[in-house]
Structure formats: C-alpha cells, structure tokens
Amino acid sequence: MMIFIGADYADLGLSQEEIQGRMEKWFAWGNKMEQAGVLKGGEALTPQIRRIVGQNRTVTDLSSAEVKEIVGGYYLIEAIDFDAVQEIAQDFPDYDLGGTVEIREIMVFDH
C-alpha cells in the first residue's frame, strides 16, 4: 500500500488551473499502474479530520490547515516487494510540493 502524505492543495494556494494540472498527473499515474496490472484500488481522502483521543475519547474536528500534514489518500498495489513499490512511487506527482509516499505492507492474519 502507498499512503500519500502532504498539504492540501487549497492550503498551498494552488489555483483551479494548477489543481486541474495536478489531477491530470494523478490520473496519468493511475492509468499507468492500471495498464501494468499493479493497481488494485485506492481512494482520495477529504481534508476534514475528526480525531478521537485518549481514555476520555476527546473529540476534535480539524481542518487540513490545522495540521502540518494530512493523509490525502492511498493506492493498493500488488508487487513482489518494497523495492518494486518504491519504483512505482517514483512517479508520485507531489514530491515537488513536499509530499511524501509511505509504503506499508498489509498484514495478513491466519484465521
């Protein structure tokens, strides 16, 4: 799984045209992974955050502007190892905006 972490586009002050250009890069990257047969799913996430913390279950609603980085989405990737996913992650569109790709393996439990 690749998890995408960074600032929200609106918080970075990107124009609608710049956001549209970013979306085109995301769609091209997704299409490339689909054609290679490695993309198994994924979703973009909204910038609104609700946190529930601690024993008292304190609830806080946050916007993306209130946190340094947000999880903006994820892709489920089928690959042989971390190195293969790292290679796929080279095309992540938002490195130039300070974005991060975190690679995590989904844990499988025996029942």
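Cut-offs applied
Residues numbered from 1 in each chain as written. Predicted model: local features only at pLDDT ≥ 70, side-chain atom pairs only at ≥ 80, totals over all residues. Heavy atoms only, no water. 1 Å grid on protein atoms, 1.4 Å probe; cavity = no way out; pocket = protein on both sides within 12 Å on 5 of 7 lines; lining within 4 Å. Points joined across faces, edges and corners; volume = space filled by probe spheres on them. Helix = DSSP H or I, 4+ residues; strand = E, 2+ residues; numbered from the N terminus. Nonpolar A, V, L, I, M, F, W, Y, C, P; charged D, E, K, R; others polar. Buried < 20%, exposed > 50% of the residue type's maximum accessible area, 1.4 Å probe, protein only. Pairing = 2+ DSSP bridges. Axes fitted to C-alpha atoms, helices over the stretch in contact; angles between N-to-C directions. Contact = heavy atoms within 4.5 Å.

## Considering the layout of surface pockets
Counted as a void, the largest pocket has a volume near 610 Å³. Lining the largest pocket we find 29 residues, and of these Tyr9, Met23, Trp26, Ala44 and Gly72 sit closest to its centre. The set of elements that each furnish at least two residues to the lining of the largest pocket consists of β1 (2–6), α1 (16–36), β2 (39–44) and β5 (70–77). Residue contributions to the lining of the largest pocket peak at seven residues, all from α1. When grouped by side-chain class, the residues that make up the lining of the largest pocket number 17 nonpolar, eight polar and four charged. Its boundaries defined by the atoms lining it, the second largest pocket holds a volume of some 210 Å³. Lining the second largest pocket are Met1, Leu76, Ile77, Ala79, Asp81, Phe82, Val85, Ile103, Arg104, Glu105 and Ile106. Taken together, the residues that form the lining of the second largest pocket break down as eight nonpolar, no polar and three charged.

## Overview of the environment of Met1
By the element assignment, Met1 lies in the segment before β1. Among the residues examined, Met1 registers a relative accessible area of 25% and is labelled partly exposed. In sequence terms Met1 and Arg104 are 103 residues apart; their C-alpha atoms lie 5.2 Å from each other.

## A closer look at the sheet that holds β1
Spatial strand order, β2-β5-β1-β6: four strands in an open sheet with antiparallel pairing. Two strands bound the open sheet, and with one partner strand each, they are β2 and β6 (100–103). Across this sheet, the average inter-strand angle for adjacent strands is 20 degrees, counted without regard to direction. Taken together, the five bridges between β2 and β5 define a ladder with antiparallel strand orientation. Across the sheet, residue Gly42 finds its bridge partner in β5, namely Tyr75. The strands touched by α1 are β1, β2 and β5; relative to β5, the strand with the most contacts, the crossing angle is about 20 degrees.

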